[in-house]
Amino acid sequence: MSIKNLKKRISTYINQLLFDQKLTQQGLSKLLNIGAGRLNAYIKEKEIPRIETLIQLAEIGEITLDELVKTDIPPKKREIIPEDHSIFKNSSVNGPVNIANGGIINNNVHNGDVFNNTTVKRYHKYVPQPGDLTDEQSTKLTELVNDIVDWEKKVRRSPKSYAAVWGALKRHFNVTYYKRIGEANFEKAIAYLKAWRGRLTQVGSKSQNDETREKSRKSHYTAINTIAKKELGWSVSILKGYIYENFQVTSMKDLNDKLLNELYNKMTALKRKNK
């Protein structure tokens, strides 16, 4: 498939998603965690979304990534967030509006139908059930999932995608659609996601501490070598002898952080005496 055709396919899909889910561009851009201008560039076929955005678009429309970029399968219709989702603001057009160019997609398309490459297809609409997650609860889950994916990218070599995190959450509660987790299990879902995020932040904190520690040790190595050579006129063998005499090792790298700091202080004291 050419880049041009792929851009057109994605633009058509986003237009359908906006119309079918009754979303505004601002609402969808918030869900995708991107700027409204970037979303508009996708709609106008100027750019292709990054892979993580494509995955999110597929997740919101409840189709796979392959179905989004390789086939003409449309998004499934469902409610997403509690906003004024109308895409007909400031428009007197009787029928769906093509947001990409401000024109009409098809005046004969009715609510419940999907515009797809000049054809109209009927599909099943998700019917909300009693006890489903509320829109506010859904938004909180989405925010946590976004946090988790951000942390995954920071600390994992092979980070989990948005689809993978949502998939794990749904499997944990044995549901096929995230809203079916239900209000009764909302706090459990929050706890599950917070525990996931907590594990990632712990890894991130440890990595940051390790990096800081290594920088500190390298700074001590440099300072000790400089004092020995330039201030005291010691050769490498003399420095090794001094280290062995005081710590019974011949290399600074064999010292733990406390002993390395002690050696640094000793060398600094010798430097002051030598002046």
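This text goes with the structure placed above it.
If you're wondering where the values come from, they're calculated on a predicted model, not measured in any experiment.

**Student:** I keep staring at the overall build of the protein and nothing clicks. Help me out?
**Tutor:** Secondary structure summary: the protein contains ten helices and four strands in total. Residue burial in the protein is summarised as follows: out of 275 residues, 41% are buried. Partitioning the contacts of the protein with sequence separation of at least 6, the portion at a separation of at least 24 is 63%. Roughly 16,100 Å² of accessible area belongs to the protein as shown, and the carbon and sulfur atoms make up 48% of that amount.

**Student:** What should I look at first to understand a positive patch on the surface in this one?
**Tutor:** Together, Arg 156, Lys 160, Arg 171 and Arg 199 make up a positively charged patch on the protein surface. Tracing the sequence through the fold places Arg 199 in helix α8 (residues 186-231). Residue Arg 199 is classed as partly exposed on the basis of its relative accessible area, which comes to 46%.

**Student:** Any chance you could explain the pattern of salt bridges here in plain terms?
**Tutor:** Pairing between side chains of opposite charge can happen when their charged atoms approach one another. For the coordinates displayed, the defined rule picks out ten salt bridges. Measuring nitrogen to oxygen at the nearest pair gives 2.7 Å for the salt bridge that ties Asp 257 to Arg 217. Of the two residues, Asp 257 is situated in helix α10 (residues 257-274) and Arg 217 in helix α8; the sequence distance between them amounts to 40 residues. Overall, Asp 257 belongs to the partly exposed group, its relative accessible area being 34%. Overlapping salt bridges, with partners in common, bring together Arg 50, Glu 52 and Lys 153 in one network.

**Student:** I keep staring at the packing of helix α2 (residues 25-32) against helix α4 (residues 51-60) and nothing clicks. Help me out?
**Tutor:** Two measures define how a pair of helices packs: the angle their axes make with one another and the distance between the axes. Viewed as axis vectors pointing N to C, α2 and α4 meet at an angle of 115 degrees, and their least axial separation amounts to 10 Å. Considering only the axes of α2 and α4, their crossing is right-handed. The residues of α4 that touch α2, namely those facing Leu 28, Leu 31 and Leu 32, are Thr 53, Gln 56, Leu 57 and Ile 60. Of the residues contributing to the contact of α2 with α4, the split by class is five nonpolar, two polar and no charged.

**Student:** Would you mind showing me how to read the packing of helix α1 (residues 3-20) against helix α3 (residues 36-43) here?
**Tutor:** α3 packs onto α1 with a crossing angle of 120 degrees between their chain directions and a minimal axis gap of 8 Å. When the interaxial angle is binned, α1 and α3 end up oblique. Judged by residue contacts, Lys 7, Ser 11, Ile 14, Asn 15 and Leu 18 of α1 engage Leu 39, Tyr 42 and Ile 43 from α3. Taken together, the residues of the contact of α1 with α3 break down into five nonpolar, two polar and one charged.

**Student:** What exactly am I supposed to notice about unusual backbone geometry here?
**Tutor:** For residues that are not glycine, phi is negative in most cases, and the peptide bond is trans in most cases. Despite not being glycine, Asn 174 shows a phi value in the positive range, around 55 degrees. Relative to the elements of secondary structure, Asn 174 occurs in the loop between α7 (162-172) and α8. Judged by relative accessible area, Asn 174 falls into the exposed class, the value being 71%. Despite not being glycine, Gln 248 has its phi angle at roughly 60 degrees, a positive value. Of note, Gln 248 is situated in the loop between α9 (236-247) and α10. For Gln 248, a relative accessible area of 53% corresponds to the exposed category.

**Student:** Help me understand α3 in this model?
**Tutor:** One turn of the α-helix equals 3.6 residues, which is why residues spaced by three or four share an orientation. All of the buried residues in α3 are Leu 39, Ala 41, Tyr 42 and Ile 43. Buried-residue contacts for α3 involve α1, α2 and α4. Within two residues after α3, Glu 45 carries a phi angle of roughly 65 degrees, on the positive side.

Criteria and cut-off values
- Residues numbered from 1 in each chain as written.
- Predicted model: local features only at pLDDT ≥ 70, side-chain atom pairs only at ≥ 80, totals over all residues.
- Heavy atoms only, no water.
- Helix = DSSP H or I, 4+ residues; strand = E, 2+ residues; numbered from the N terminus.
- Buried < 20%, exposed > 50% of the residue type's maximum accessible area, 1.4 Å probe, protein only.
- Contact = heavy atoms within 4.5 Å.
- Areas by Shrake-Rupley, 256 points an atom, 1.4 Å probe, with all protein chains shown as cover.
- Patch = residues over 30% accessible without salt bridge, like charges linked within 9 Å, V, L, I, M, F, W, Y side chains within 5 Å.
- Salt bridge = Lys/Arg side-chain N within 4 Å of Asp/Glu carboxyl O.
- Lys, Arg positive; Asp, Glu negative; His and termini not counted.
- Charge placed at Lys NZ, Arg CZ, Asp CG, Glu CD.
- Axes fitted to C-alpha atoms, helices over the stretch in contact; angles between N-to-C directions.
- Left-handed = near helix turned anticlockwise from the far one by under 90°.
- Nonpolar A, V, L, I, M, F, W, Y, C, P; charged D, E, K, R; others polar.
- Parallel < 35°, antiparallel > 145°, perpendicular 65-115°, else oblique.

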